[in-house]
Amino acid sequence: MTDNKLLEVEHLTMRFGGLVAIDDLSFTANKSEITAIIGPNGAGKTTVFNCLTGFYVPTEGRLTLHANDGPRLLERTEGFRIPRNNGVARTFQNIRLFTGMTVLENLIVAQHNRLMEASAFSIAGLFNLGRYAKAEKEAIEKAKFWLNKVGLYDQADWNAGNLPYGSQRRLEIARAMCTDPSLLCLDEPAAGLNPRESAELNILLQSIRDDQGVGCLLIEHDMSVVMQISDHVIVLDYGRKIADGNPDAVKNDPAVIRAYLGEEEDDELPPEVAADLNVDPNAH
Ligand SMILES: Nc1ncnc2c1ncn2[C@@H]1O[C@H](COP(=O)(O)OP(=O)(O)OP(=O)(O)O)[C@@H](O)[C@H]1O
């Protein structure tokens, strides 16, 4: 089992002034698995991603990525080096594409670091010579592979900003995959998708796990996505871990049901969330 570890989060704490957004959080995510991080609004899910990807320097804790060539401490890596040096890629809650570029260009830009290395930052790049020409060809092949995979091959020349919303979400995932990550962090990839798009997303993420062997960390409010495709679910509430296990165990966990229902509010759970958590929606 130890060999299968991809990410180890140990005693992660993130404070913003007096606010403890993450409180002594520890968990493990395995290679070739989908690990979901769920929890009510404000539970600290995005803050975990921001610590892993170098947007924030954690107040305390250790974040170890077990890369093929050995462990890497993410919290000690400059944020902008994390995707290239450590193989961590992410997508965002609010899609962040290069909207003025074409769909294909978005996927080529994602491979910028590799292309610049191949050019040796020299005139060879400008004249498309030797290693650079080979690297550029490979970059285009990789982009085409992912365009096919996310069903956007025919829109390759469209401006990314003109794509329908669901297609923009898929393009963001393709762009992240073009960096050859070992860990893919997806922040609410199903947000705003209709049921058909959501089902297609499930297939895409399962294929990234099964065919590409990439471990995924998934923040998602859509419980049907979480429960159908996750191997492992971690539940946060007010920055603390309240459950950690397989989807079946988590959805029956009283602490999880309580966190979603709330202790004092009269709110009812939306029926689709209740169904996925095995609770009576009017039980409160
Ligand atoms: N840069 C920041 N400065 C101050 N407070 C912050 C900052 N980032 C996050 N927080 C606070 O930390 C807490 C956790 O926020 P976070 O966005 O991680 O929650 P979340 O679980 O992702 O919520 P949601 O499901 O609504 O996206 C919230 O109380 C939030 O207001």
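Use the structure listed above.
Residue numbers restart at each chain and count upward from 1, following the sequence in its written direction. This being a predicted model, a pLDDT of at least 70 is required before a residue's local features are given, and a value of 80 or more before pairs of side-chain atoms are given or counted; all residues contribute to the totals for chains, interfaces and linings. Computation of side-chain values covers all heavy atoms of the structure but excludes hydrogens and water.

1. Points about the environment of K149
Turning to step 1, where the next piece is worked out: Along the chain, the position of K149 falls in helix α6 (residues 130-149).
Turning to step 2, where the next piece is worked out: We call two residues in contact whenever any of their non-hydrogen atoms come within 4.5 Å of each other. Not counting chain neighbours up to four residues away, the residues in contact with K149 comprise L204, S207, D211 and Q212. By definition, any uninterrupted DSSP run of H or I lasting at least four residues is a helix, any uninterrupted run of E lasting at least two residues is a strand, and each is numbered from the N terminus.

2. Quick notes on the site of the ligand
Turning to step 1, where the next piece is worked out: Taken together, 14 residues sit near the ligand, with G42, G44, K45, T46 and T47 positioned nearest.
Turning to step 2, where the next piece is worked out: H221 has a polar side-chain atom sitting 2.9 Å from an oxygen atom of the ligand.
Turning to step 3, where the next piece is worked out: If the ligand stood free it would expose 640 Å²; the protein chains cover 64% of that surface.
Turning to step 4, where the next piece is worked out: Those elements that place two or more of their residues in the shell around the ligand are β2 (19-30) and α1 (45-52).
Turning to step 5, where the next piece is worked out: A total of 3 residues in the shell around the ligand trace back to one element, the largest contributor, which is α1.
Turning to step 6, where the next piece is worked out: Residue type decides the class: Asp, Glu, Lys and Arg count as charged, Ala, Val, Leu, Ile, Met, Phe, Trp, Tyr, Cys and Pro as nonpolar, and the leftover types, Gly among them, as polar. For the shell around the ligand, a count of residues per class yields 6 nonpolar, 7 polar and 1 charged. Here a residue is near a molecule or strand as soon as one of its heavy atoms is found within 4 Å of it. Two N or O atoms count as a polar contact when they lie within 3.5 Å, although within protein this holds only if one can serve as hydrogen donor and the other as acceptor, and sequence-adjacent residues are included solely when both atoms are side-chain atoms. To measure how exposed things are, a 1.4 Å probe is used in the Shrake-Rupley method; for residues, cover is taken only from the protein chains shown.

3. Looking at the sheet that holds β2
Turning to step 1, where the next piece is worked out: One open sheet holds the 4 strands; their spatial order is β2-β1-β4-β5, and the pairing between them is antiparallel. One side of each edge strand has no neighbouring strand; the edge strands of this open sheet are β2 and β5 (70-73). Adjacent strand axes in the sheet meet at a mean angle of 20° when their direction is disregarded.
Turning to step 2, where the next piece is worked out: Strands were regarded as paired on the criterion that DSSP finds at least two bridges between them. Across 4 bridges, the pairing between strand β4 (residues 60-67) and β5 is antiparallel. Among the inter-strand pairings, L65 is bridged to a residue of β5, identified as R72. A fitted line through C-alpha atoms represents every axis, and for helices the fit uses only the stretch in contact; the resulting angles, taken between N-to-C directions, go from 0 to 180 degrees.

4. Let's talk about the pairing of β4
Turning to step 1, where the next piece is worked out: Here 5 bridges tie strand β1 (residues 5-16) to β4, and the two strands are oriented antiparallel to one another. Residue pairing across strands places T13 opposite E60, the latter belonging to β4.
Turning to step 2, where the next piece is worked out: Between the end of β4 and the start of β5, which pair antiparallel, lie 2 residues.

5. Overview of the packing of helix α7 (residues 165-177) against helix α8 (residues 195-210)
Turning to step 1, where the next piece is worked out: It is the contact of α7 with α8, at a shortest axis distance of 11 Å, that shows an interaxial angle of 10°. The orientation of α7 relative to α8 falls into the category roughly parallel. Residue-level inspection shows G166, R170, I173 and M177 of α7 in contact with α8, the latter providing E197, E200, L201, L204, L205 and I208.
Turning to step 2, where the next piece is worked out: Looking at the contact of α7 with α8, its residues break down into 6 nonpolar, 1 polar and 3 charged. Convention used here: angles under 35 degrees read as roughly parallel, angles over 145 as roughly antiparallel, angles from 65 to 115 as roughly perpendicular, and any remaining angle as oblique.

6. A few points about the pattern of salt bridges
Note that side chains of opposite charge can pair when their charged atoms are close.
Turning to step 1, where the next piece is worked out: The rule for a salt bridge is simple: a side-chain nitrogen of Lys or Arg has to be within 4 Å of a carboxyl oxygen of Asp or Glu. Taken as a whole and assessed by the stated rule, the structure comprises 15 salt bridges.
Turning to step 2, where the next piece is worked out: Here R196 ties to E200 by a salt bridge, and the two come within 2.9 Å at their closest N and O atoms. Of this pair, R196 and E200 are both found in helix α8, 4 residues apart, which corresponds to roughly one turn of the helix.
Turning to step 3, where the next piece is worked out: R209 is the salt-bridge partner of D210, the closest N and O atoms lying 2.7 Å from each other.

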